[in-house]
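Breakdown of the fold
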2 protein chains.
Amino acid sequence: MAIKIGILGYGNLGRGVECAIKQNPDMELAAVFTRRDPKQVSILTKTASVCHVSEASDWQDRIDVMILCGGSATDLPEQTPAYAKMFNVVDSFDTHANIPAHFENVDKAAKAAGKVGIISVGWDPGMFSLNRMYASAILPNGKDYTFWGKGVSQGHSDAIRRIEGVKDAKQYTIPVETALEAVREGRNPELSTREKHTRECFVVLEEGADAAKVEQEIRTMPNYFADYDTTVHFISEEELNRDHSGIPHGGFVLRSGRTGWEAENSHLIEYRLKLDSNPEFTSSVIIAYARAAYRLAKEGLSGAKTVFDIAPAYLSAKSGEELRASML
Amino acid sequence: MAIKIGILGYGNLGRGVECAIKQNPDMELAAVFTRRDPKQVSILTKTASVCHVSEASDWQDRIDVMILCGGSATDLPEQTPAYAKMFNVVDSFDTHANIPAHFENVDKAAKAAGKVGIISVGWDPGMFSLNRMYASAILPNGKDYTFWGKGVSQGHSDAIRRIEGVKDAKQYTIPVETALEAVREGRNPELSTREKHTRECFVVLEEGADAAKVEQEIRTMPNYFADYDTTVHFISEEELNRDHSGIPHGGFVLRSGRTGWEAENSHLIEYRLKLDSNPEFTSSVIIAYARAAYRLAKEGLSGAKTVFDIAPAYLSAKSGEELRASML
């Protein structure tokens, strides 16, 4: 019997979850819940329903795990605790500084309801966090580095779009190759913000806008660009749509550490992601953890969990025997 | 109160475990057990005892986790089930084909005694296995690749040493860079044994030995070298000791997979290790899992476990709160 999945919110992430379910024969999409008029929302899975969010509570017996695909700024802080009262849930809450508070809220709600709530699933937080944790447990005498990119930063692209005279924009975060190499060589460099990443912007101007002024505003924008070496390219709307419509991302987690009685030996652990589609990869991680949420709940567990709390085998459709025989 | 560790077998791996304990303030080495005369074995930790293996059973109340540092061919198949009757144990059993049988034997012994036995810990099996498993759970529509090296293969070095006329030898396994690149580019190549790795041998000849004959014997040795492009260098004993005394290793686990409704997007997950000392890194992984064995036993669990069965947080000296605040 397949694990029945619900999707709350049908944007890029929700569609990614739908696609990921298709690749996992032990899962099926039961319903998509939307704040829009369900009649206006067309999904890809012919066998699944589209419902208004207000109907979600009627689906408690028909959904094993609800995937919460809202944003971290305002949606998830409310939604995850609320839906954990009714469903096993998985979210991709990614405001790192607020994770402890979010965990507590979800834990309280999920425990009271006897549900499992897995929070902050994806790649960062998510697989990158796991790799930081494994690597630091293995090499306690060491140093961590996380590089992001090359990839599209939605937040930085939005920041450019809010500048007067900008019609559209895409911003790529790019790791500095020489910094990466210095880490790989075990040199344990101290790296400033500017030394780790550069920012490349592709901007479509409104008719008659002042390019020099826009470029100056981008380069000097505090927090977003002022601390980075930033390149700005002005291109046409056609070029932007043709060459920059994807949502690629990725990055590197590295730990360089030493072992030996006198710390005489050096080691490098490197984890790298190169992703054509940020939301589809995030969704793929989420769906693996949805399997874990289902199994943990079946075992009678409840409360908030993170990727740190879940044994890897729970993510796989294979049995323990199969995993030991084929992957160990 | 520190976790009290015992080491059974004081070779490269046992010494690595001793060094790893030094880096983890929540652990202490209680005793090293050896088949040799304990008086002849000098260890680095002044506060720990050196005992004959026959005394191990007297230490059941003074050791929380016993690390079994024997070989996979003949030692561990006997030792791990035997010692799991007395101690929580961790081993690095690495004969992949025999893991299922070993698991069953350890599981039976450990369950009967109420002990935890974590088997096949290290980097392959171990961290590489984990990365194969996580990546395949996330990207079910994909293909796995494992490359080893550049590193010293003990088995291949030994095979060369057994050839008549060879005084000493070191063999390096080297991944083929173009094959790695083809995988990284998402081309999902079908790779033969020869296309994945090359083998480089540094050989010291006995006085008067026939170099051409030795080289021919190496190149044509079935299983070990015949299926590979092999380079043989004849060097002096001084050069071997000066340039090839280390035990470096490492390698790459890659998974290339596709997502999207029509599998239109491609992703790459890459995990890489670059290790100065194979046994010291293996030991460092073992010690992190020793912490897990201790905690699992405290929770009342018993039986055989592998890296797939253990939630990552159990490996870290940090608490759940600390991990969520600092690493998620």
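Up top is the structure.
In this text, all values refer to a predicted model and were calculated from it rather than measured experimentally.

Calculation notes
Residues numbered from 1 in each chain as written. Chains lettered and ligands numbered in written order. Predicted model: local features only at pLDDT ≥ 70, side-chain atom pairs only at ≥ 80, totals over all residues. Heavy atoms only, no water. Helix = DSSP H or I, 4+ residues; strand = E, 2+ residues; numbered from the N terminus. Buried < 20%, exposed > 50% of the residue type's maximum accessible area, 1.4 Å probe, protein only. Contact = heavy atoms within 4.5 Å. Polar contact = N/O pair within 3.5 Å; in protein donor to acceptor, adjacent residues only side chain to side chain. Expected span 1.5 Å × (residues − 1). Pairing = 2+ DSSP bridges. Axes fitted to C-alpha atoms, helices over the stretch in contact; angles between N-to-C directions. Least-squares fit on C-alpha atoms with pLDDT ≥ 70 in both. Core = buried A, V, L, I, M, F, W, Y, C linked by side-chain atoms within 4.5 Å. Salt bridge = Lys/Arg side-chain N within 4 Å of Asp/Glu carboxyl O.

Concerning the environment of Arg258 of chain A
- Mapped onto the elements, Arg258 of chain A comes out in strand β12 (residues 249-259).
- The class of Arg258 of chain A is partly exposed, set by a relative accessible area of 32%.
- A sequence separation of 116 residues divides Arg258 of chain A from Gly142 of chain A, and the C-alpha atoms of the two residues are 6.2 Å apart.
- Sequence-distant contacts of Arg258 of chain A, that is, excluding residues within four places in its chain, are made with Asn141, Ala263, Glu264, Asn265 and Ser266 of chain A together with Gln23 of chain B.
- There is a polar contact of 2.7 Å between the side chain of Arg258 of chain A and the backbone oxygen of Ala263 of chain A.

Focus: helix α3 (residues 99-113) of chain A
- Spanning 15 residues, α3 of chain A covers 21 Å between terminal C-alpha atoms, matching the ideal 21 Å at 1.5 Å per step.
- Residues of α3 of chain A that are buried: Ile99, His102, Phe103, Val106, Asp107, Ala109 and Ala110 of chain A.
- Where α3 of chain A is buried, its residues contact α2 (75-83), β5 (88-91), β6 (116-118) and β14 (303-305) of chain A together with α11 (320-326) of chain B.
- Downstream of α3 of chain A by one or two residues, Gly114 of chain A has phi in the positive range, about 70°.

Let's talk about the sheet that holds strand β10 (residues 197-205) of chain B
Residue and element names in this part refer to chain B.
- Read from one edge to the other, the open sheet built from 4 strands follows the order β8-β9-β10-β11, with strand pairing classed as mixed. Each edge of the sheet is formed by a strand with only one pairing partner; in this case those strands are β8 (151-152) and β11 (229-234).
- Where strand β9 (residues 166-175) meets β10, 9 bridges bridge the pair, whose relative direction is antiparallel. Looking at β10, one finds that Asp168 is bridged to Val204.
- Docked against the sheet, helix α5 (residues 154-161) engages β8, β9 and β10, running at close to 145° with respect to β9.

A word on the relation of the copies chain A and chain B
- The transformation that overlays chain A on chain B combines an axial shift of 0.0 Å with a rotation of 180°, and the residual RMSD is 0.0 Å. Read as a symmetry element, the transformation amounts to a two-fold axis. Identified as the residue of chain A closest to the rotation axis by C-alpha distance is Ala311 of chain A, at 1.9 Å.
- Same-surface contact between copies: 100% of interface residues of chain A are shared with the interface of chain B.

With respect to the nonpolar core
- With 159 residues, the main nonpolar core has Tyr289 of chain A together with Phe33 and Tyr289 of chain B as its most contacted residues.
- Apart from residues no more than four positions distant in its own chain, Phe33 of chain B is found in contact with Ile7, Leu8, Gly9, Cys51, His52, Val53, Glu55, Ala56, Trp59, Ile63 and Met66 of chain B.

Describing the pattern of salt bridges
Residues and elements named next belong to chain A.
- Under the counting rule described, the total for this entry stands at 36 salt bridges over all chains.
- One salt bridge in this structure joins Asp158 and Arg161, with 2.5 Å as the shortest N-O distance. In this pair, Asp158 and Arg161 are both assigned in helix α5 (residues 154-161), 3 residues apart and thus about one turn of the helix distant.
- In this structure, Arg184 and Glu177 form a salt bridge, with 3.8 Å as the shortest nitrogen-oxygen distance.
- Classification of Arg184 by relative accessible area gives buried; the value is 13%.
- Its relative accessible area of 48% is what places Glu177 among the partly exposed residues.

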